[in-house]
Amino acid sequence: MKVGKFMMPLHPPQKDRTQTFEEDIECVLWAEELGFAEAWIGQHHTAMWEPIPANDVFIAHVLPQTERIRLGTGVTIMTQHHPANVAVRLAYLDHLSRGRINVGFGQGGVPTDWPLFDLPDPRTQGLMNLEAMDIVLKLWTEDGPFEFKGDFWNVALAQKVPELGLGEVLKPYQKPHPPIAMSIVREESMAATTGGRRGFLPISINMAPSHKVKRHWEMYCEGATEGGRPDPDRRDWRISRSICVGETDAEARKHAYNGAFADSLMYLRGMLGAANMLDLPKMDPGMSDADLNRDYFIDEIAIVGSPDTVTRRLQELYDVTGGFGAVLMIGHDWDDKAKMKRSMELMAKEVIPRLP
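Residues numbered from 1 in each chain as written. Predicted model: local features only at pLDDT ≥ 70, side-chain atom pairs only at ≥ 80, totals over all residues. Heavy atoms only, no water.

### Here we look at unusual backbone geometry
Basically, it comes down to this: The helix count covers DSSP runs of H or I at least four residues long, the strand count covers runs of E at least two residues long, and both are numbered beginning at the N terminus.
Cis geometry marks the peptide bond from Met8 to Pro9, where omega comes out at -25°. By the element assignment, Pro9 lies in the loop between strand E1 (2-7) and helix H1 (17-34). Note the cis peptide between Lys175 and Pro176, where omega equals 0°. Looking at the element boundaries, Pro176 is found in the loop between strand E6 (154-157) and strand E7 (180-184). Positioned with a positive phi, Arg98 is a non-glycine residue whose angle comes to about 50°.

In structure tokens:
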């Protein structure tokens, strides 16, 4: 099993923004030093808990400071950009990295972002996301001339002047394109079937219990079969989890419960509530919303404890889901830098080596 980071990232709104950005950079550098395989960087515009607005700029900044760790957009919010601009910017980033980037595509789930970009209802945004992905892939894999007339964008490479090098767009360094991922949230997820159908990498959300995460893979496989890919590789599946590893169970829980770690989980609970999705984190559909409290998220949804406890919990997740290729530690705030760096170190050196 590989270990990576999924960095929304999560920081208390009152914390100095420059400090949070510097800590995010340090987190990626520390992850590489520890041997983490990859880091996925989020993108949000009006979410003060999740403050990185331009994940491609962040990746470009840390690329020359790293050598091995793969860096991914987790995700590029397709509805908030023109797809032609997404295609050329990510292709350029792929060249600058010499093929060390992954890309994630999605529609975004922060409702206060939507009026900022004059976006329609979420369902329509889902259709926009699919169309935008089609345009990006067309620009990455076809030479043109061509014209794409969609419901939301019209894109044309209508004229070529070969002797002047006009009428071409930059293709990615990786052929035919960088690995593409989709984030999977709901138990019955259209993103899972779409990802399976297209052969994209599935990344499961950190807020779903293990039996609902298992359903993500089942739906992904259904989509893969529809797309003529009947045997997808479980090693491609990433599952994200909020993980805090301490020297003992008591130490880990005290730190997680009393600080920004638990605060951020309650923020995510609030986001699910705003989206009418409080059913997602419930282990049992009979649970009341009031049961979704701080203790529940620390003890049932997050994975908190000593290396032995965290190893056992991840093995249980592996067994329930049938297996996966990578666990992605959510990027929680470094309210205690020493403890959070040690958590990553224990994860890399004492937990992961004991997992399949």
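Next comes the rest of the description.
### A few points about the layout of surface pockets
How we decide: Of the grid points, spaced at 1 Å and generated over the protein atoms alone, those admitting a 1.4 Å probe that cannot get out make up cavities, while open sets with protein on both sides within 12 Å along at least five of seven lines make up pockets; any residue with an atom within 4 Å of a point is treated as lining. Grid points are joined across faces, edges and corners, and a volume is the space filled by probe spheres set on the points.
Considering only enclosed or pocket space, the largest pocket measures out at about 1,200 Å³ in volume. Of all the elements in the fold, those that place two or more residues in the lining of the largest pocket are strand E3 (70-77), strand E4 (101-106), helix H4 (122-141), E7, helix H5 (190-198), strand E8 (201-204) and helix H8 (260-274). Here the lining of the largest pocket takes 6 residues from H4, the largest share from any one element. Of the voids in this model, the second largest pocket is the one considered here, and its volume is about 180 Å³. Lining of the second largest pocket is provided by Ala208, Pro209, Ser210, Arg241, Met283, Glu300, Ile301, Ile303, Arg313, Glu316, Leu317 and Val320.

### With respect to the packing of H5 against helix H6 (residues 210-226)
For the record, the criterion: Note on definitions: angles span 0 to 180 degrees between N-to-C directions of axes, and those axes are lines fitted to C-alpha atoms, for helices only across the stretch in contact. To sort the angles, those under 35 degrees are grouped as roughly parallel, those over 145 as roughly antiparallel, those from 65 to 115 as roughly perpendicular, and the leftovers as oblique. Here is the rule for handedness: rotate from the far helix to the near one, and if that takes an anticlockwise turn smaller than a right angle the crossing is left-handed, while a clockwise turn gives right-handed. Only heavy atoms enter the contact rule, under which two residues are in contact if any of them lie within 4.5 Å. Three categories are distinguished: nonpolar for Ala, Val, Leu, Ile, Met, Phe, Trp, Tyr, Cys and Pro, charged for Asp, Glu, Lys and Arg, and polar for the others, with Gly belonging to the last.
Running from N to C, H5 and H6 cross one another at 40°; their axes reach a closest spacing of 6 Å. Regarding the angle of H5 to H6, the classification is oblique. For the crossing formed where H5 meets H6, the hand is right-handed. Facing H5, whose interface residues are Ala192, Thr193, Gly195, Gly196 and Arg197, H6 presents His216, Met219, Tyr220, Gly223, Ala224 and Glu226. Tallied by class, residues from the contact of H5 with H6 come to 4 nonpolar, 5 polar and 2 charged.

### Quick word on the sheet that holds E4
The line we're drawing: Two strands form a pair only when DSSP identifies at least two bridges running between them.
In space, the 8 strands of this closed barrel follow the order E1-E2-E3-E4-E7-E8-E9-E12, with parallel pairing throughout. Ignoring which end each strand starts from, the neighbouring axes of this sheet average 25° apart. Strand direction decides the pairing type here: strand E2 (residues 38-41) and E3, joined by 4 bridges, are parallel. By the bridge assignment for E3, Glu38 is matched with Arg70.

### Things to note about the packing of helix H10 (residues 307-321) against helix H11 (residues 337-351)
At a closest axis distance of 10 Å, the pairing of H10 and H11 adopts a crossing angle of 70°. Relative to H11, the element H10 is oriented roughly perpendicular. As H10 packs across H11, the resulting crossing turns out to be right-handed. Listed contacts from H11 to Pro307, Val310, Thr311 and Leu314 of H10 are Leu346, Met347, Glu350 and Val351. Each residue belonging to the contact of H10 with H11 can be placed in one class, and the counts come to 6 nonpolar, 1 polar and 1 charged.

### Some thoughts on the packing of aromatic side chains
Spelled out, the test is: Pairing of aromatic rings covers Phe, Tyr and Trp, the last counted by its six-membered ring, and requires centre-to-centre distances within 6.5 Å; plane angles under 30 degrees mean stacked, over 60 mean edge-to-face, and any other angle means tilted. Burial here depends on accessible area, computed with a 1.4 Å probe over protein chains only, as a share of the maximum for the residue type. Under 20% is buried, over 50% is exposed, and the range in between is partly exposed. Definition used: whenever NZ (Lys) or CZ (Arg) falls within 6 Å of the ring centre and also within 35 degrees of the ring normal, the charge is taken to sit over that ring.
Under the defined criterion, the tally for this structure stands at 8 aromatic pairs. Both rings, one in Trp217 and one in Trp237, keep their centres 5.2 Å apart while their planes meet at 20°; by these two values the pair is stacked. Pair noted here: Trp217 is in helix H6 and Trp237 is in the loop between H6 and strand E9 (238-241), with a separation of 20 residues, a long-range link. With respect to class, Trp217 is no different from Trp237; both count as buried. Ring pairing ties together the aromatic residues Trp217, Tyr220, Trp237, Tyr318 and Phe324, which thus form one cluster. Between Lys138 and the ring centre of Phe146, over which it is positioned, the NZ or CZ distance is 4.9 Å. For Arg294, the ring lying beneath its charged end belongs to Tyr257, and the centroid distance is 5.4 Å.

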